[in-house]
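Here is how the chains run, residue by residue.
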Amino acid sequence: MPRPLIDASWRRVAAAGVDPGGGGGPAVLSDAEIARRVVTGPLAPMIPVLRERLEPVARACGQLVVVTGTDGTVLWQGGAPEVRRRADGLGFVPGAAWDEPTVGTNAIGTCLVLGTPVGVHGGEHFVDGHQQWTCAAAPLRDPVGGGLLGVVDLSGPARTAHPGALALVSAVAALAEHEVRAVHDRSLDQLRRVAGPLLARVDGRALVLAPDGLTAAATGFAGPARVALPADLDGGGRRVLPVLGPCRVEPLPGGWLVRLDDDDPAVATHAVLDLAGDRPRLRVEAATGSWTDVLGLRHAEILLAVARAPRGLTAAELAGALFDDPARTVTVRAEVSRLRRTVGPLLATRPYRLADGVTLQVVLPPPGRVLLPGSVAPVVLAARPRLG
């Protein structure tokens, strides 16, 4: 009888229409795109550590070490040359997607689904041609924010299986995260040393942000732990930033000096909650700039509930709209607190409502498409009939 995690995976990939016979194999990205992801992607600082620690082991054991992104795309591969040649015949090559919906149950794809270390051996693979292989994969996480960045995997012929493989890749993944965190912390300390004299001369509220949005130092207020910075920040200037509102942004060596415009409290004039696409998005527009954020399902539900209640909602009313249970106020307060880390002053409390001067437009899916298909929140169920 298969292990529960393997049984669940087989059910997922069968529902996704994966062919046990293997089909034509996954499409492969260009060499230029692979190189771009390796050099500029979030795994760039981890790959050298993983290569140094695992490639000698893979060569000695007749296996491959593989690093993929969150979509399962193989970004880097090293190890025993004879095994790499065998992997080529399976399409297990740099640039190929190795997620469950593409190639069926395997350690990489199933690790991405579960977010935990996974070993898959022999006949546990869904595709017939993969059943002569063994693989062990562990997630690679952002050592600062904790988000999933990709997977590191050891794979090889089934005869090379070792009971310690999963523990090894898990330990090396943790080591890579630790070393990247140490480098990040040293950069943050350097930024604080640069920022100290500057902040001492600033009147009002200001903070210094690292390139990833982490707050290095602040004056005049505690400041958020992290700010979602727009990709087009470039040289700075007047901007509207999530949580902070209107700001003046100035580049620093290794980060940004952000001065809050305390004399201009209007955070945004218009926001659009776009529920028509594959993922809910919030777009905020103001005279000083705009920003967009991809929302999780619960946060989209909260904003939809607020948009449908112009006078505001108590915690109990919002709990009813989300869970059909007015008693779940503790959960509601925690969820709203997390949402306000992104939308900040757009959302007022006591009751939960849009802040003064903020308008929110909701864009619903076109007829024939389901509003927030993964949701069972009463507020969403009540809105769906309008789509007919």
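So, here's what we can say about the structure. (Residues numbered from 1 in each chain as written. Predicted model: local features only at pLDDT ≥ 70, side-chain atom pairs only at ≥ 80, totals over all residues. Heavy atoms only, no water.)

### Side note on the overall build of the protein
Within the protein, the regular secondary structure consists of eleven helices and 16 strands. Overall, the C-alpha framework of the protein stretches about 70 × 60 × 35 Å when taken along its three principal axes. A buried classification covers 46% of the 388 residues belonging to the protein. Sequence-distant contacts in the protein: of pairs separated by 6 or more residues, those separated by 24 or more amount to 52%. Of the roughly 18,400 Å² of accessible surface on the protein, a fraction of 54% belongs to carbon and sulfur atoms. For the protein, the distance from the average site of its 40 positive side-chain charges to the average site of its 38 negative ones is 3 Å. (Helix = DSSP H or I, 4+ residues; strand = E, 2+ residues; numbered from the N terminus. Buried < 20%, exposed > 50% of the residue type's maximum accessible area, 1.4 Å probe, protein only. Contact = heavy atoms within 4.5 Å. Areas by Shrake-Rupley, 256 points an atom, 1.4 Å probe, with all protein chains shown as cover. Lys, Arg positive; Asp, Glu negative; His and termini not counted. Charge placed at Lys NZ, Arg CZ, Asp CG, Glu CD.)

### Things to note about the pattern of salt bridges
Counted according to the given criterion, the structure contains 16 salt bridges. Aspartate 189 is paired through a salt bridge with arginine 192; the nearest N and O atoms lie 3.0 Å apart. One end of the pair, aspartate 189, and the other, arginine 192, are both in helix H7 (residues 165-200), three residues apart, so they sit about a helical turn from each other. A salt bridge links arginine 226 to aspartate 212, with the nearest nitrogen and oxygen atoms 3.6 Å apart. Taken together, the positions of arginine 226 in the loop between strand E7 (215-219) and strand E8 (237-241) and aspartate 212 in the loop between strand E6 (206-209) and E7 put the pair 14 residues apart, joining distant regions of the chain. Taking relative accessible area as the criterion, arginine 226 reaches 30% and is therefore assigned partly exposed. Overall, aspartate 212 belongs to the partly exposed group, its relative accessible area being 29%. Taken together, the shared-partner salt bridges in this structure form one network comprising Glu33, Arg36, Arg37 and Asp71. (Salt bridge = Lys/Arg side-chain N within 4 Å of Asp/Glu carboxyl O.)

### Side note on the sheet that holds strand E2 (residues 74-79)
Strands pair in a sheet through their backbones, by hydrogen bonds, and they do so in one of two ways: parallel or antiparallel. Within the open sheet, the five strands sit side by side as E2-E1-E5-E4-E3. Their pairing is antiparallel. Only two strands of the sheet have a single neighbouring strand rather than two, namely E2 and strand E3 (118-121). Averaged over all pairs of adjacent strands, the angle between their axes in this sheet comes to 15 degrees, without regard to strand direction. Across nine bridges, strand E4 (residues 133-141) lies against strand E5 (residues 148-157) in antiparallel orientation. Residue pairing for E5: alanine 137 is matched across the bridge by aspartate 153. (Pairing = 2+ DSSP bridges. Axes fitted to C-alpha atoms, helices over the stretch in contact; angles between N-to-C directions.)

### Here's the deal with the pairing of E7
Of the strand pairs in this sheet, E6 and E7 are connected by four bridges, and their pairing is antiparallel. Across the sheet, the residue bridging to valine 208 is alanine 217, located in E7. Hairpin connection from E6 to E7: five residues lie between these consecutive antiparallel strands, with glycine 213 at a positive phi of about 90 degrees.

### Here's the deal with helix H3 (residues 47-61)
Each turn of an α-helix holds 3.6 residues, which means side chains three or four residues apart point in the same direction. Helix length check: H3, at 15 residues, gives a terminal C-alpha distance of 20 Å against a target of 21 Å (1.5 Å per residue), a fit within 8%. The axis of H3 is deflected most strongly, by about 40 degrees, at leucine 54, and proline proline 56 appears within four residues downstream. For H3, every residue scored as buried is listed here: Ile47, Val49, Leu50, Leu54, Glu55 and Ala58. In this structure, the buried residues of H3 make contact with helix H2 (31-40), strand E1 (64-69), E2, E4, E5 and H7. (Expected span 1.5 Å × (residues − 1). Bend = angle between axes of the 7 residues up to and from the residue.)

### Section: the nonpolar core
By size, the foremost hydrophobic cluster in this structure holds 38 residues, and its most contacted members are Leu282, Leu318 and Val332. The contacts of valine 332, once residues within four sequence positions are left out, are Ala315, Leu318, Ala319, Leu322, Phe323 and Tyr352. (Core = buried A, V, L, I, M, F, W, Y, C linked by side-chain atoms within 4.5 Å.)

### Observations concerning the packing of aromatic side chains
Scanning the entire structure with this criterion turns up three aromatic pairs. Between tryptophan 10 and phenylalanine 126, the ring centres sit 5.1 Å apart and the planes meet at 80 degrees, which makes this aromatic pair edge-to-face. With tryptophan 10 in helix H1 (residues 4-15) and phenylalanine 126 in the loop between E3 and E4, this residue pair connects regions lying 116 residues apart in the sequence. When its relative accessible area of 31% is taken as the criterion, tryptophan 10 is described as partly exposed. By way of ring pairs, the aromatic residues Phe92, Trp98 and Trp133 are connected into one cluster. The ring of phenylalanine 221 carries arginine 205 above its face, with NZ or CZ at 5.1 Å from the centroid. Across from the ring centre of phenylalanine 323, 3.9 Å away, lies the NZ or CZ of arginine 328, which sits over that ring. (Phe/Tyr/Trp six-rings, centres within 6.5 Å; stacked < 30°, edge-to-face > 60°. Lys NZ or Arg CZ within 6 Å of the ring centre and 35° of its normal.)

### Concerning the side chain of threonine 160
Relative to the helices and strands, threonine 160 is located in the loop between E5 and H7. Its relative accessible area of 12% is what places threonine 160 among the buried residues. Within the structure, the side chain of threonine 160 is placed 2.6 Å from the backbone oxygen of proline 157, a separation counted as a polar contact. Here threonine 160 is in contact with Cys61, Gly62, Gln63 and Thr134, once residues within four sequence places are set aside. (Polar contact = N/O pair within 3.5 Å; in protein donor to acceptor, adjacent residues only side chain to side chain.)

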